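# Per-entry structural report
Single-letter residue listing:
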Amino acid sequence: MFSRIALVLLAALAVSYRLEADTLAELDSKIRLSRPRLFITPTTVAHIREHLTPHQTRFLKELCKDVGRRPLSPTLAPVKDGDAWGTVNDWGHPAQAAAVAWLLTSEPKYLAKAESWLKWSANWYTQRFANHKAVSWYAHSRRAALAAYDWIYGELDEDTRISLGQQLLEHIAKARDRSFIRSVNGEGSSGPTAGYYGTANLFWYAGIVFFKAGVDDALAEELLVKGYEEHRRMFELRARAAGDSGGPITASTGYALGDYWKQELNFFCSWEAATGTSCVGDFPNLALLPEWVFRTAIPTAGGICLDYGTGDCPHFDNRMRFPIQYLAQFPRFYADQAPVQAAIADYMLACLPAVQRDPYEVYRPFLKGHHADAICPFLFDVPRMDERSTADIVSQLPKAKHYPQLGQTFSRSGLGSDSTFALFTAGARTAGHKHFDEGHFTIYKHGYQALDTGARLVYSGMVNNERLQTNCRHNRNYFLRTVAHNCILIHDPDEDFGTAHVVHGITFPLVNDGGMRERIGSTLLAFGATDKTTYAAADITGAYSTQKAVKVIRHFLHVQPDAFVIYDFVRSAKPAFRKAWLLHTMGKPEAEGNAFQTREGDGQIRVQAILPEQAVLTPVGGPGADFVSGGVNWPVAPEDEKNRQSRRHLYGNWRVEIAPPEPEGRGQIRRQAKRERLPFETLHPEAVHAACGHSATFGFHLGSVVGTDDQPQLGVGEEEFGLPGIQTAEDESDTFLGDLGRK
């Protein structure tokens, strides 16, 4: 537990978390002085050596082989601008691996390498900051170096302990000056309100390692308290974001499943080793993450999991950054606290073809690369990973779920690769790595039939050249913007979106795409789901400029298995403001009348516009027009376009804009909406009528029926359209009906 001092957190959720230390005195009374004490203890090491499992023995053998092949004295490698994303000349991870090899085998050669590589890395860190150069965007390798120092501390002579410790401690202390870190191109500035994988994440670990070590005790204490407070803040924010539903603090899977979780498990492990107690139970909401991982994963026939391409996803292939390391360690921390979530984690691991062939594969990612962590595989056993025993639990999960903080509504028709998968985004309360995409939807069946488009090709630390500048313009004028998503545009010709300020001081005016001004600002009006339908409605007005949007309501309906209805009501400040409904595709759309269709992968999508009756369908795209925003195409740099064509990246190729034929006044639209029912005569009445239960009439300005297989799937004939369990306004004409604009 963190403390006997009670601190009430998340009052809205009525959850209290006990914190065991928010003063130096309390930390002083808890942190052990014996070594090792970062992540492991002498007892831990003895237990590992006596109880190695076959998989752990295999991992140790591979670890020792990797350490053995590396030279005792590293050679300085050339560093190019922009290389800070990796760990060029940073031997922190190999030093940690060598320290583990020595701890578990007692062979002197591994100790010698650990010390040599640790000294090399400390010199490298000092040199880089002295030259105002980055070490890395991430803290991971330097945290590994701190662990190596702690684990071989007793074998270092006193002069080496002090000199080496001073280098490491002083380097990390520079991160207290956030302006310095931000001024170093490519150095990690991510703090506790985001991923917290930047340099500042090292405060806590440096504080533990150098606590009463005689290197600089005052500085170590300062970093210890600062690191503790920042981690506490991180946990509070993430617990609030998770709420009762679970989910991470960002909807972008590349971040949430790439590096965000690591800070949680690292702290849990470090706290337990340093204090002898556990704090995992203080944040029960964080144990709900596996289900969100499950819902954001799209299984394919080849065994690869894709994701929905949400937020700052590069859209190369939308391959999910599958969190094997997180799921494999989950039972160690949460098995007793969250057995259903542990079963979901087991199920997802068991579905991986590589793990099915060899369960040892859950250990392999710890060996090398960005997430290398030489000690972790010895702290947990291979999970059960029995797909058959967990499938029953997973199959009982509802087909749809809404995550309020992320504004995500997931809906699927089944578990397998032949199923239909959909995501509706609205009502988000967190803007981390989010785009101007409230109301966006993605639909997948045997391919992305409606997708999130554009390319993420701009990162901190890149070289300032023509390629970067071209991609910056694509990023800020297309990729982030509403026009790149399946949303609604309202074109006010006088709207000014201001100026973009990006890396290296690059600036340029932002074009008017007709989209949103805010990443968040919409409100979820309703959510309901049965085995046959998923329904959500949102007021998206707040994401648009108040000068152009009076009311924007979007309704999203998924009727199992393959049909979708998107109903929009738009009221603009002036009738002349052009409105457009967007749907992005990879294939070229074939339009006929008020409908169009296109194919992607082994699937296809057909879209029929219902209202307005004389809707104008305009395909936009193809070579030279695939990223049009504000009347201009914003291509990616030629080098990246070449990669896109050769690798078939999922940047999007086409979109269809559905718009009214001409502006109409308030009275005409209101009368039309009240007088006429939606023309569902081409659709099947029985399936939907049985699914809906009771009736509630809605009127909309823009609407479409979207099907994803070979037969129409949705219809109510002349019946009114109803939904189960949905709370709607009594006066629906006030809530959902209205004009396009005011005279």
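Residues numbered from 1 in each chain as written. Predicted model: local features only at pLDDT ≥ 70, side-chain atom pairs only at ≥ 80, totals over all residues. Heavy atoms only, no water.

## Remarks on the packing of helix H6 (residues 140–151) against helix H7 (residues 158–173)
Short version of the rule: Orientation is described by lines fitted to C-alpha atoms, with helices fitted over the stretch in contact, and by angles between N-to-C directions that extend from 0 to 180 degrees. Working definition: helices are DSSP H or I runs of at least four residues, strands are E runs of at least two. Numbering for both runs from the N terminus. Roughly parallel means an angle under 35 degrees; roughly antiparallel means over 145; roughly perpendicular covers 65 to 115; every other angle is labelled oblique. Whether a crossing is left-handed or right-handed is set by the direction in which the near helix is turned from the far one by less than a right angle, anticlockwise for left-handed and clockwise for right-handed. We call two residues in contact when some of their heavy atoms are within 4.5 Å.
Two numbers describe how H6 lies on H7: the axes approach to 12 Å, and their chain directions differ by 155°. With respect to each other, H6 and H7 are oriented roughly antiparallel. Crossing handedness for the pair H6 and H7: left-handed. Contacts between H6 and H7 involve Arg 142, Leu 146 and Tyr 149 from the first element and Arg 161, Leu 164, Gly 165, Leu 168, His 171 and Ile 172 from the second.

## Brief notes about unusual backbone geometry
Cis rather than trans, the peptide bond between Arg 35 and Pro 36 has omega equal to 0°. When you line up the elements, Pro 36 lands in the loop between helix H1 (24–30) and helix H2 (42–50). Note that the residue after Leu 611, namely Pro 612, is joined by a cis bond; omega there is -5°. Examined against the element boundaries, Pro 612 turns out to sit in the loop between strand S20 (603–609) and strand S21 (616–621). Unlike most non-glycine residues, Tyr 196 shows phi in positive territory, near 60°. In this fold, Tyr 196 is placed in the loop between helix H8 (178–183) and helix H9 (202–209).

## A closer look at the pattern of salt bridges
Worth spelling out the cut-off: Salt bridges are defined as contacts in which a side-chain nitrogen from Lys or Arg sits within 4 Å of a carboxyl oxygen from Asp or Glu. Partly exposed describes any residue whose relative accessible area lies between the buried limit of under 20% and the exposed limit of over 50%, with all areas from a 1.4 Å probe on protein chains only and scaled to the type maximum.
This structure, assessed with the given rule, holds 35 salt bridges. Between Asp 66 and Arg 70 there is a salt bridge; the shortest N-O distance is 3.4 Å. Given a relative accessible area of 7%, Asp 66 falls into the buried group. A cluster of three or more residues bridged by salt bridges with shared partners is formed by Arg 58, Glu 62, Asp 358, Glu 361 and Arg 364.

## What to know about the environment of Asp 282
Among the structural elements, Asp 282 can be located in the loop between helix H11 (253–275) and helix H12 (289–296). Asp 282 gets classed as buried once you look at its relative accessible area, which sits at 2%. Put simply, Asp 282 and Ala 239 are 43 residues apart on the chain and 9.7 Å apart in space, counted from C-alpha to C-alpha.

## What to know about the packing of aromatic side chains
Which entries qualify depends on this criterion: Whether two aromatic rings pair depends on their centres lying within 6.5 Å, for rings of Phe, Tyr and Trp, where Trp uses its six-membered ring; planes under 30 degrees apart make the pair stacked, over 60 edge-to-face, and the rest tilted. Two conditions define a charge sitting above a ring: the NZ of Lys or the CZ of Arg must be within 6 Å of the ring centre, and it must be within 35 degrees of the ring normal.
As enumerated under the stated definition, the model contains 35 aromatic pairs in all. Ring-pair connections join several aromatic residues into one group, and the members of that group are Trp 204, Tyr 228, Phe 235, Trp 261, Phe 267, Phe 268, Trp 271, Phe 283, Tyr 326, Phe 330, Phe 333 and Tyr 334. For the cation-ring pair, Arg 143 lies above Tyr 205, with the distance from its terminal atom to the ring centre recorded as 5.6 Å. Stacked on the ring of Phe 294, the Lys or Arg Arg 412 has its end atom at 4.4 Å from the ring centre.

## Here we look at the pairing of strand S6 (residues 408–412)
For the record, the criterion: DSSP bridges decide pairing: two strands pair if at least two such bridges lie between them.
Judged by how many residues are buried, S6 sits mostly within the fold: 5 of 5 residues are covered. The alternating pattern of S6 places Gln 408, Phe 410 and Arg 412 and Thr 409 and Ser 411 on opposite faces, both of which are buried. Here strand S5 (residues 400–403) pairs with S6 via 4 bridges, running antiparallel. If you follow His 402 over to S6, its bridge partner there is Thr 409. Counting the residues in the hairpin turn of S5 and S6 gives 4 residues, including Gly 407, whose phi is positive at 65°. Relative to strand S7 (residues 421–425), S6 runs antiparallel, the two sharing 5 bridges. Following the sheet pairing, Arg 412 is matched in S7 by Phe 421.

## Topic: the confidence of the model for the chain
Heads up, the condition is: One number per residue, pLDDT, summarises how confident the predictor is, and it ranges from 0 to 100.
Confidence in the prediction for the chain averages 85 pLDDT; 85% of positions are at 70 or higher. Taken as a whole, residues 1–21 scores under 50 in pLDDT and shows 66 contacts with residues more than four places along the chain or in a different chain. The model gives residues 708–743 a pLDDT under 50, and that stretch makes 124 contacts with residues more than four places away or in other chains.

## What about the sheet that holds strand S8 (residues 441–444)?
Strand order in the open sheet made by the 5 strands is S5-S6-S7-S8-S9, with antiparallel pairing throughout. Edge positions in the sheet fall to S5 and strand S9 (448–450), since each of these pairs with one other strand and no more. Along the sheet, successive strands turn relative to each other by an average axial angle of 15°, direction set aside.

## With respect to the environment of His 485
Mapped onto the secondary structure, His 485 falls in the loop between helix H17 (466–479) and strand S10 (488–491). Placed 97 residues apart in sequence, His 485 and Leu 582 show a C-alpha to C-alpha distance of 7.2 Å. The residues contacting His 485, other than those within four sequence positions of it, are His 435, Phe 436, Asp 437, His 440, Asp 452, Phe 479, Leu 480, Leu 582 and His 584.

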